[in-house]
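So the chains spell out like this:
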Amino acid sequence: MDVALHKCGVTFVLDRAGVTGSDGPSHNGMWDMSILQVVPDLRIAAPRDAEQVRAQLREAVEVRDAPTVVRYSKGAVGPSVPAVGRIGGMDVLREPSGGERPDVLLVSVGALAPMCLEVATLLDAQGITSTVVDPRWVKPVDAELPALAARHRLVVTVEDNGRAGGVGSAVAQALRDAEVDVPLRDFGIPQRFLEHGSRKDVLAAVGLTAPAVARQVTGVVATIDGRFADEAAETVSAEPEAG
């Protein structure tokens, strides 16, 4: 509150953001983006890979008139996820082929970018086109996001943060404020303490896997325009749905 009230350019760096798994229930960084949403003018960066950690940390320390937060996950550093374009301040990670209105806008938060790209591939196999964007800075919501959302039939947010008050909620509010009436589905961590286990196992237990997300998105698209009605109840993989 103090640094935000006085518009101080202080950068906070949050390690162990999202699911840490092996550190146990008390050490999962699953509330930070919800708690920090309430701080006026504060900006939150959620880098997707090591290259973006470096880039966004440099961007954060250059901000002189507001506090910034850079969050990143625990664990081995994965491969870089290149952008194929830029819309506003958002990186486009995948664009649909063809000139028709895409079905789904996937908003990927932080380290879940590889999973979101896998979701897009699974949707494509079902005939569902998608755009994948990484907002990079998740607070405030990028000014270009509502207009981009309006060009799709469904918006899907995926984050390793609690669903209550998280990035999905902020995006939904931004769409309402812009009078964009596109349906939105938010995927994140349920509001409960998570069991001890590997990061992979914990994410699977809460349904944050590509097959689980793609299966649910396929069902939502089926209800929007009647396509895939016969297949809506089928799974896109043999993986059971998380409870």
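Numbers given for residues are sequential positions, taken from 1 along each chain in its written order. Confidence filtering applies because this is a predicted model: local features only for residues at pLDDT of at least 70, side-chain atom pairs given and counted only at 80 or more, and all residues used for totals across whole chains, interfaces and linings. For side-chain calculations, the full set of non-hydrogen atoms in the structure is used, while hydrogens and water are omitted.

Draft legend 1. Representation of the overall build of the protein within the structure. A run of DSSP states H or I qualifies as a helix once it reaches four residues; a run of E qualifies as a strand once it reaches two. Both are numbered from the N-terminal end. Helix and strand counts for the protein come out as eight helices and 10 strands. Viewed in the frame of its principal axes, the protein has a C-alpha envelope of about 55 × 40 × 30 Å. The classification of residues rests on relative accessible area computed with a 1.4 Å probe and restricted to protein chains. Under 20% of the type maximum is buried, over 50% is exposed, and intermediate values are partly exposed. When the 243 residues of the protein are sorted by exposure, 49% land in the buried category. Throughout, a contact is declared for two residues whenever any of their heavy atoms are within 4.5 Å. Counting only contacts in the protein whose residues sit at least 6 apart along the sequence, the fraction spanning at least 24 positions is 79%. As presented, the protein carries roughly 11,500 Å² of accessible surface, and 54% of it is formed by carbon and sulfur atoms. Of the charged side chains in the protein, 24 are positive and 33 negative, and the gap between their average positions amounts to 4 Å. Per-residue and other accessible areas were derived by the Shrake-Rupley procedure at a 1.4 Å probe size, with only the shown protein chains allowed to occlude residues. Neither His nor the chain ends is counted toward charge; the positive residues are Lys and Arg and the negative residues Asp and Glu. The location of each charge is read from NZ of Lys, CZ of Arg, CG of Asp or CD of Glu.

Draft legend 2. Structural detail: the sheet that holds strand β6 (residues 104-108). On the basis of which strands lie adjacent, the open sheet formed by six strands has the order β4-β5-β7-β6-β9-β10 and mixed pairing. Looking along the sheet, the strands with just one partner apiece sit at the ends: β4 (85-87) and β10 (184-189). Across the sheet, the mean angle from the axis of one strand to that of its neighbour is 30°, orientation sign disregarded. As defined by bridge partners, strand β9 (residues 154-162) adjoins β10 across five bridges and the pair is classed as parallel. Counterpart to V158 in the pairing with β10 is F187. Any two strands between which DSSP finds at least two bridges are classified as paired. For every element, the axis is a line fit to its C-alpha atoms; helices are fit only across the contacting stretch, and the angle between N-to-C directions ranges from 0 to 180 degrees.

Draft legend 3. Just the pairing of β9, in detail. Of all the nine residues making up β9, nine are buried; the element is thus mostly covered by neighbouring parts of the structure. Handedness of the crossover joining β9 and β10 through helix α6 (residues 167-177) is recorded here as right-handed. Crossover handedness is defined by viewing with both strands directed away from the observer: a clockwise path from the first strand over the helix to the second marks the crossover as right-handed.

Draft legend 4. The arrangement of the pattern of salt bridges in detail. Salt bridges are counted wherever a side-chain nitrogen of Lys or Arg sits within 4 Å of a carboxyl oxygen of Asp or Glu. A complete count under the given rule lists 13 salt bridges for this structure. Linking D91 and R86 is a salt bridge whose minimum nitrogen-to-oxygen distance equals 2.6 Å. On the basis of relative accessibility, which here comes to 4%, the residue D91 falls in the buried class. Because the salt bridges share partners, they merge into one network encompassing R48, E59, R86, D91, D134 and R136.

Draft legend 5. Looking closely at the sheet that holds strand β3 (residues 68-71). Judged by pairing direction, the sheet is mixed, and its four strands sit side by side in the order β1-β3-β2-β8 without closing on themselves. Each end of this open sheet is capped by a strand with a single partner; those strands are β1 (11-14) and β8 (137-139). Strand-to-strand twist of the sheet, defined as the mean angle between neighbouring strand axes without regard to direction, takes the value 25°. Pairing analysis gives four bridges linking β1 to β3, with the strands arranged parallel. Bridge pairing links F12 to V69 in β3.

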